[in-house]
Amino acid sequence: MTALLLALDLVSAVVTAGAWIAAAVLASGLRPRRSPAGSARDAAATDVPAPDAAAQYVPAPDAPAPAPGIRRRGAWLALALVGVGVAVLVAQLLCTILLAGDGWWFVQEKVVFALPVAVAAAIAVIVVAGPELRGTARGSRPAPGARGRAALVGAAAAGVAGILARLVIGYPMELIPALVLLALVLLSAALAWAVGAGRPKRVVTGLAAFCVLVVVASVGVAWLGSAATPAALSATHEHGAAGPAEAPPGGVSVTDLRTPADAPGTRRVFDLTAAQQQVTLDSGRSVSAWTYGSLPGPELRVSQGDLVEVTLHNTDIDAGVTIHWHGYDVPSGEDGVAGVTQDAVLPGDSFTYRLAATETGTYWYHTHQVSADGVRRGLFGTLVVLPPAGVPESVDLTVPLHTLGTAVILGDSDVASVRDVAAGQSVRLRLINTDQLPHRFTLDGAPFTVVAADGRDLVGPTPVTGTALRIPAGGRLDVSVTVPESGVRLSTNASATASLSLAPGGAEVPRAVPVATGDLDLLGYGTADGQTLPAGDGRVEATMVLDRNPRFLGGRPAYGYTVNGAVFPHIPSIEVSEGNTVRLTVANRGLETHPMHVHGHHVLVISRNGNPSTGSPLWLDTFDVQPGEVWVVEFTADNPGIWMDHCHNLDHAAEGMMMALTYRGVTSPFQQGGTHANRPE
Ligand code: C2O
Ligand code: CU
């Protein structure tokens, strides 16, 4: 509903602007043209006689004046267009009133700028241009005068400014851009008046030049701001005066926030080597990939309590590589974000990560250096942490879904794969979406339960049938199913060919008809157990308004993905202190889904679109904010560091939708760019 209203509002704004532009063009076309000698000069069209005929602005010399009948009809049409614009402006007002109920973020730029300016313009048109157009239409005056035409041009400009406010500025509309847009509207009207009133040419040229200057200066300032060296992400450097990148007194560097090498636990040692690799898929297709040794990367399967030590080597990934433990709340220095928690590992280099496997569940790992490119090409793998007693199911399979070019790999195969599972056996499927877009999974053949989301067990899951599971980019769901004699089949909307059948004898199970409809809504799934966040000390409230606006990304013009109107690295960090309870409100004004991912913390979902989560406590690290949605989540700031918060459609992150959550007193010696060409996004 919100997304629909946003679209309706935009369409109305475009119709209003279009009608007013057409009326303005039409009205100036009605004006009798002056001949070079000034003989056809129409007194009614000129409110203020020019003092010096020689200096007058003289339009094209031979343009003939429209015939009186045409002028009258043109004036009627212009009047009708003005009316259409005003009527549709009322629709804009209604949309805004309805949208306001969904949140201020959806209407702010309309309420503080677009609508007041449009209403003022409508009044000016009705009061000033209306009588002149009516006179022309009735034949009592030859054409609307300079003032009427100026009002119409001003209204047309106001309409355009309203569209720019919605699409270019977005949320929040601040004072300076509002004043710039307002100035342009007034200047357009003044320019139209100066032309219509036959003001001296230098006045007209001066006004036009001033308009151009305002536009160029605003774009220039935006460009300079984007090209400026971004402030370091750490909170202590935010205000510029903190000096060199060393820990302040009492502060700590991310490089000190590591898992100690002698931490308790059974040591589990892994080596992962990133390299370019030609991989032959089960279908026989060969794809060029970047891998951590295989596609998907090796599964790291460990037990709770282990001390996991992973050494990453880079053979020939020239862009550099890191490992980020997606969803695993590691110490900040182990988080694997190039330019924030470490330098990118270049060819020939290595880096050792240590994870204390304190939490069980399904996770994955991937590069966080030029990640949109690296992950897509295959730099990812899975991480499973088992409870000490293992899982209750007798078969335990990890099934990442990944798209590489046109190949879709489900588990480790791009074709229909089968597993021999005896009837009556229980199976856990750990579904992981490693792609950029949400995917639907369906499990046909038997009722199943969703036992975990993003690595955390759900409370009181109930059997589900005929319902699809929508997993956001980066998200995970564990499902548990008992295989019947006829078997079960896992399919996905991402591929018609890749599927996984589990059946006695290992036969392929046909896809069920009818196909599952609707998505399971985890906000109402399972049972509430009254679990809430521990009472923190101090609350921090932060809002992230997601949108898409033209912006400069590092000096290059782009249709950026914005948070609160800005793009990475210019989005102010959310600053917290250890122990704070943080409430994040995330609103999506755009047309695309944004799977928002918070590093270092799981968030407890409080509500979506104002409806509280009523099922099992839902602890997620990636939540899909669909167009028009508003999510409220909370977490405890219990893991000091500098953490990225970003959209896990990694293309969106690369185009700006990425920011930091920083703990006061934590600094980073790493920088974007530099000798390692660090690029966290
Ligand atoms: Cu899975 Cu910052 O990412
Ligand atoms: Cu996104």
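All of these numbers come straight from a predicted model, not from anything done at the bench.

About the criteria used
Residues numbered from 1 in each chain as written. Chains lettered and ligands numbered in written order. Predicted model: local features only at pLDDT ≥ 70, side-chain atom pairs only at ≥ 80, totals over all residues. Heavy atoms only, no water. Helix = DSSP H or I, 4+ residues; strand = E, 2+ residues; numbered from the N terminus. Expected span 1.5 Å × (residues − 1). Contact = heavy atoms within 4.5 Å. Donors = N, O, S within 2.8 Å, 3.2 Å for Na, K, Ca; no water. Buried < 20%, exposed > 50% of the residue type's maximum accessible area, 1.4 Å probe, protein only. Pairing = 2+ DSSP bridges. Axes fitted to C-alpha atoms, helices over the stretch in contact; angles between N-to-C directions. 1 Å grid on protein atoms, 1.4 Å probe; cavity = no way out; pocket = protein on both sides within 12 Å on 5 of 7 lines; lining within 4 Å. Points joined across faces, edges and corners; volume = space filled by probe spheres on them. Core = buried A, V, L, I, M, F, W, Y, C linked by side-chain atoms within 4.5 Å. Domains from an automatic or database assignment. Salt bridge = Lys/Arg side-chain N within 4 Å of Asp/Glu carboxyl O. Buried area = accessible area lost by both parts, 1.4 Å probe. Phe/Tyr/Trp six-rings, centres within 6.5 Å; stacked < 30°, edge-to-face > 60°. Lys NZ or Arg CZ within 6 Å of the ring centre and 35° of its normal.

J.: In this structure, what is going on with helix H6 (residues 201-227)? I would like to understand it.
T.: Because an α-helix completes one turn every 3.6 residues, residues spaced three or four positions apart along the sequence face the same direction. Helix length check: H6, at 27 residues, gives a terminal C-alpha distance of 38 Å against a target of 39 Å (1.5 Å per residue), a fit within 8%. Contacts from the buried residues of H6 go to helix H5 (175-196) and strand E21 (539-553).

J.: Would you explain the coordination of the copper ion (ligand 2) in this entry?
T.: Tetrahedral coordination by four donors puts the ideal angle at the metal at 109.5 degrees, and octahedral coordination by six puts it at 90 or 180 degrees. The coordination sphere of the copper ion (ligand 2), as far as protein atoms go, consists of His-594 (ND1), Cys-647 (SG) and His-652 (ND1), spread over 2.0 to 2.1 Å. Along the chain, the residues donating to the copper ion (ligand 2) fall in the pattern H-x52-C-x4-H. Of this pair, His-594 sits in strand E25 (residues 594-598) while Cys-647 is found in strand E31 (residues 642-647), placing the two residues 53 residues apart along the sequence. Exposure remark for His-594: the relative accessible area of 2% places this residue in the buried category.

J.: Is there a simple way to think about the sheet that holds strand E3 (residues 286-291) in this case?
T.: Adjacent strands of a sheet pair through backbone hydrogen bonds, lying either parallel or antiparallel. The sheet built from four strands is open, its strands ordered E3-E2-E5-E7 with mixed pairing. Pairing within the sheet leaves two strands with one partner each, and these edge strands are E3 and strand E7 (350-356). For this sheet, the mean inter-axis angle between neighbouring strands, taken without regard to orientation, is 30°. Pairing analysis gives eight bridges linking strand E2 (residues 267-280) to strand E5 (residues 307-314), with the strands arranged parallel.

J.: Just to check I follow, could you spell out the pairing of strand E13 (residues 426-433) for this structure?
T.: Side chains on a regular strand alternate between the two faces of the sheet. Extensive coverage of E13 is indicated by the burial of eight of its eight residues. What you see with E13 is no split at all: Ser-426, Arg-428, Arg-430 and Ile-432 on one side and Val-427, Leu-429, Leu-431 and Asn-433 on the other are buried throughout. Across seven bridges, strand E10 (residues 395-404) lies against E13 in parallel orientation. Within E13, the position partnered with Pro-400 by the bridge is Ile-432.

J.: Any chance you could explain empty space enclosed by the protein here in plain terms?
T.: Empty space among the atoms becomes visible once a probe the size of a water molecule is rolled across them. Summed over the entire model, instances satisfying the criterion amount to two cavities of 30 Å³ or more. Lining of the largest cavity is provided by Ala-13, Thr-16, Trp-20, Leu-89, Gln-92, Ala-114, Ala-118, Ala-158, Gly-159, Gly-162 and Arg-166. Those elements giving two or more residues to the lining of the largest cavity turn out to be helix H1 (2-29), helix H2 (68-100), helix H3 (108-138) and helix H4 (146-169).

J.: Just checking my understanding: could you explain the nonpolar core for this structure?
T.: Soluble globular proteins: nonpolar side chains tend toward being buried together. Counting 75 residues, the largest nonpolar core has Leu-429, Val-450 and Phe-623 as its most contacted members. Both domain 2 (231-256 + 530-676) and domain 4 (414-520) contribute no fewer than three residues apiece to this core. Once residues within four sequence positions are removed from consideration, Phe-623 is found in contact with Val-586, His-594, Pro-595, Met-596, Val-598, Val-603, Trp-631 and Val-633.

J.: Help me out: how do you make sense of the pattern of salt bridges in this one?
T.: Opposite charge on two side chains permits them to pair, given that their charged atoms come into close proximity. By the definition in use, this model includes 33 salt bridges. A salt bridge links Lys-110 to Glu-109; its shortest N-O distance comes to 2.9 Å. In this structure, the salt-bridge partner of Arg-608 is Asp-521, at a minimum N-O distance of 2.6 Å. Separated by 87 residues along the polypeptide, Arg-608 in strand E26 (residues 603-608) and Asp-521 in the loop between strand E20 (495-503) and E21 bring together distant segments of the chain. The exposure class of Asp-521 is partly exposed, given its relative accessible area of 34%. Salt bridges linked by common partners bring Glu-299, Arg-301, Glu-393, Asp-396, Arg-428, Arg-430 and Asp-478 together as one network.

J.: How do you make sense of the domain arrangement of the chain when you look at a structure like this?
T.: It is common to give the size of an interface as the accessible area lost on bringing the parts into contact. The domain architecture assigned to the chain consists of domain 1 (2-225), domain 2 (231-256 + 530-676), domain 3 (259-390) and domain 4 (414-520). Its C-alpha centre places domain 2 at a distance of 23 Å from the equivalent point of domain 3. Of the residues lining the interface, 27 residues belong to domain 2; the matching set on domain 3 comes to 26 residues. The contact between domain 2 and domain 3 buries some 2,000 Å² in all, and 57% of this surface belongs to carbon and sulfur atoms. Among the residues of domain 2 in contact with domain 3, Leu-650, Phe-670 and His-676 are the three that bury the most area, contributing 31% of the side total.

J.: For this particular structure, what's the right way to read the sheet that holds E13?
T.: Taken in spatial order, the six strands make up an open sheet running E11-E10-E13-E18-E15-E16, and their pairing is mixed. At either margin of the open sheet sits one strand with a lone partner, and together these are strand E11 (407-410) and strand E16 (456-457).

J.: Whenever I open this one, the packing of aromatic side chains confuses me. Can you help?
T.: Between two aromatic rings, the relevant description is the distance of the centres plus the angle of the planes. Tallying each qualifying case throughout the model produces eight aromatic pairs. Taking the centre distance of 6.3 Å and the plane angle of 75° together, the rings of Trp-364 and Phe-380 count as edge-to-face. Remark: Phe-380 occurs in strand E9 (residues 380-386) and Trp-364 occurs in strand E8 (residues 361-366); sequence separation between them is 16 residues. Across this residue pair, the class does not change: Trp-364 and Phe-380 are buried. An aromatic cluster of three or more residues is present, and its members are Tyr-292, Trp-325, Phe-351, Tyr-353 and Tyr-365. Here Arg-377 stacks its cationic end above the ring of Trp-290, 4.3 Å away from the centre of that ring.

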